[in-house]
Amino acid sequence: MKTRASQFSITLVAFLLGVLVMAQFAAQQRMDQKRVSASGVDGALLISSLVQGNARLRQEVAELDAQMDSYRSTTHQTKLQAMVDELNRLKVFNGAVEVYGPGVLVTLDGPAAVLDLQDLLNELRNAGAEALALNGQRIIASSIIEPLADGSIAVDGFAARRPYVFVAIGDPATLETALLRPGGLLTVFSNSRQGLMVNVQRRGRLTAPVHLAAGSFQYAVPAK
Amino acid sequence: MKQRLTPANLVLTLIAVVIGLVLAWQLHGPRATPPVGYSPGDPRDRAVSAIEQLEVEQSALKAEISRLRAELTEVQSRASVESDRERHMDDELDAQRVVAGLIAVRGPGVVVTLDDSSIHNIPASSNPNDYLVHEFDVRDVVNVLWLAGAEAIAVNDERIVGNTSVYCVGSTVMVNATRLSPPYIIRAIGEPGVLADTLRNPSYLTSLRQKVERYGIKFQVAQAAKMTLPAYTGGFAVKHCSIQ
């Protein structure tokens, strides 16, 4: 290679080539990280989770489509009713109104730690609970279970003593089956959390009270 | 054009050919390779395709929900102009949507990163599972953030709402029935100093801190002046609930 110009252009081209190759490897690696584990049981469980999840998403699409239909109606009353219904749906979801309905009553007794109560709430949500309460306190997304100095427990600031009574409103059979499934949390409790006693009962009518909410957001604002 | 076959020309030609091949590879795009080369007909190959198909559907359904919610918000505003009562209801709908997590929010807070250990030589006596972040680690961090006063939380772009569950299938973490991969980025809006201090309080997250020390699990907390958390794009059926 005789001239500085040709040396320079070869170096530049080689550099660009290096950048391209590294970018490609990085992209391939990010893709591989999301690799699916399809081994036997895990694959089947993942599929059934996704199937159930998609069924719930379709229900929501159907709900929203029905609302849209109401707004296409010419009657003002129909539109107003749709708004009232959606407002109520949101308030129920947010714990802003007391509700009643069928579901399961789950009683937990024994030396339960805060983590056990948090895990059981997670399990109830996973099972499809529509409204939750613990020892008479409505549970919402941001509900807090914390240990108190004297060794007891507080739910959203209210003292709670054992036995811990969970109200979960929803389809009783579905909730019970999900809770009692092999490998679920209750199986883990009976295998490895000695002394914990759990009881699940279907009920025709349970009540979840209104959540005694704190004030409005101070840091989070709608992003527009 | 008369070109001489010089070493410089040869090198340039070779590099040009390689660039061409790499560009062709890039344009083809990185492929989602199955973990092992399952042959068609192997049930695990069908399982991988089924999972991919279900996730494509999941994305499409979430996008449809987002689209419908945006349209409905618009339509509801236009339908509620006739009286003060209606305008008040429209305002209430907006407020309840924000509380529910159906609206993207922004604000200051913290970014927590949880990742698997990068230690590769795992001693034979150790359990490889200890070197991975599990769903309870993610759950525990989320619970401490609520305790610290967080107003909104998202894990890898899945917003945590009233019916959100964090669970695992094998070693895969699911949030809102959506498969997530490490690193798990947990973002929370609130007072950054208070959130960070609570996360560092040795009374909380003891199991996670042990895993950091013993197994090299990664756990980092950074304050952020401004973040945007996405809206929840799932459903919230309340069909069994009646109002008094």
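Note that the coordinates shown come from a computational prediction; the quantities given were computed from them, not determined experimentally.

1. Section: the sheet that holds strand β4 (residues 166-169) of chain B
All names here are of chain B. Taken together, three strands build an open sheet; the order of strands is β4-β5-β6 and the sheet is antiparallel. Where the open sheet ends on each side, the last strands, each with one partner, are β4 and β6 (178-180). Ignoring strand direction, the axes of neighbouring strands in this sheet form an average angle of 40 degrees. Both strand β5 (residues 172-175) and β6 contribute to a ladder of three bridges, which runs antiparallel. In the strand pairing of β6, valine 173 is matched with leucine 180.

2. Let's talk about the domain arrangement of chain B
The domain architecture assigned to chain B consists of domain 1 (43-100) and domain 2 (105-118 + 126-229). Put simply, the middle of domain 1 of chain B and the middle of domain 2 of chain B, counted by C-alpha atoms, are 26 Å apart.

3. Considering the sheet that holds strand β5 (residues 153-155) of chain A
All names here are of chain A. Overall, antiparallel pairing links the three strands, which are arranged β4-β5-β6 in an open sheet. Each edge of the open sheet carries a strand with a single partner, namely β4 (145-147) and β6 (158-160). Adjacent strand axes in the sheet meet at a mean angle of 35 degrees, parallel and antiparallel pairs treated alike. Where β4 lies against β5, three bridges are found, and the strand directions are antiparallel. Bridge pairing links isoleucine 145 to valine 155 in β5. Sheet contacts for helix α4 (residues 114-126): β4 and β5; angle to β4, the most-contacted strand, approximately 170 degrees.

4. With respect to the pairing of strand β1 (residues 105-115) of chain B
Taken together, the two bridges between strand β9 (residues 221-222) of chain A and β1(B) define a ladder with antiparallel strand orientation. From the neighbouring strand, A:Val221 faces β1(B), where its bridge partner is B:Arg106. Looking at chain direction, β1(B) and strand β8 (residues 218-229) of chain B are connected through 10 bridges and run antiparallel. From the neighbouring strand, B:Leu114 faces β8(B), where its bridge partner is B:Phe219.

5. Remarks on helix α5 (residues 192-200) of chain B
Residues separated by three or four positions in an α-helix point in the same direction, a consequence of the helix having 3.6 residues per turn. Residues and elements named next belong to chain B. All buried positions along α5 are accounted for by Pro192, Leu195, Thr198 and Leu199. Along the long axis of α5, the arc covered by the buried residues comes to 140 degrees, so they all point the same way. Opposite the packed face of α5, turned more than 90 degrees from it, sit the exposed residues Gly193, Asp197 and Arg200. On its buried side, α5 packs onto β1, α4 (135-147), β7 (184-189) and β8.

6. A closer look at the pairing of strand β7 (residues 164-169) of chain A
All names here are of chain A. With five of six residues buried, β7 lies mostly within the body of the structure. One ladder, built from four bridges, connects strand β2 (residues 131-134) with β7; its direction is antiparallel. Of the residues in β7, the one forming a bridge with alanine 133 is valine 167.

7. Topic: the packing of helix α3 (residues 76-94) of chain A against helix α3 (residues 84-100) of chain B
Across the interface, α3(A) lies against α3(B) with an axial gap of 9 Å and an inter-helix angle of 30 degrees. What the angle tells us is that α3(A) and α3(B) run roughly parallel. Both α3(A) and α3(B) take part in a crossing whose hand is left-handed. For the pair α3(A) and α3(B), the contacting residues are A:Met83, A:Glu86, A:Leu87, A:Leu90, A:Lys91, A:Phe93 and A:Asn94 in the first and B:Met89, B:Glu92, B:Leu93, B:Gln96, B:Arg97, B:Val99 and B:Ala100 in the second. The residue inventory of the contact of α3(A) with α3(B), partitioned by class, reads eight nonpolar, two polar and four charged.

8. Points about the domain arrangement of chain A
Looking at the assigned domains, one finds that chain A contains domain 1 (43-94) and domain 2 (99-208). On a C-alpha basis, the centroid separation for the pair domain 1 of chain A and domain 2 of chain A is 27 Å.

What counts, and at which threshold
- Residues numbered from 1 in each chain as written.
- Chains lettered and ligands numbered in written order.
- Predicted model: local features only at pLDDT ≥ 70, side-chain atom pairs only at ≥ 80, totals over all residues.
- Pairing = 2+ DSSP bridges.
- Helix = DSSP H or I, 4+ residues; strand = E, 2+ residues; numbered from the N terminus.
- Axes fitted to C-alpha atoms, helices over the stretch in contact; angles between N-to-C directions.
- Domains from an automatic or database assignment.
- Contact = placed C-beta atoms within 7 Å.
- Buried ≥ 20, exposed ≤ 12 C-beta atoms within 10 Å, placed from the backbone.
- Arc of directions from axis to C-beta.
- Parallel < 35°, antiparallel > 145°, perpendicular 65-115°, else oblique.
- Left-handed = near helix turned anticlockwise from the far one by under 90°.
- Nonpolar A, V, L, I, M, F, W, Y, C, P; charged D, E, K, R; others polar.

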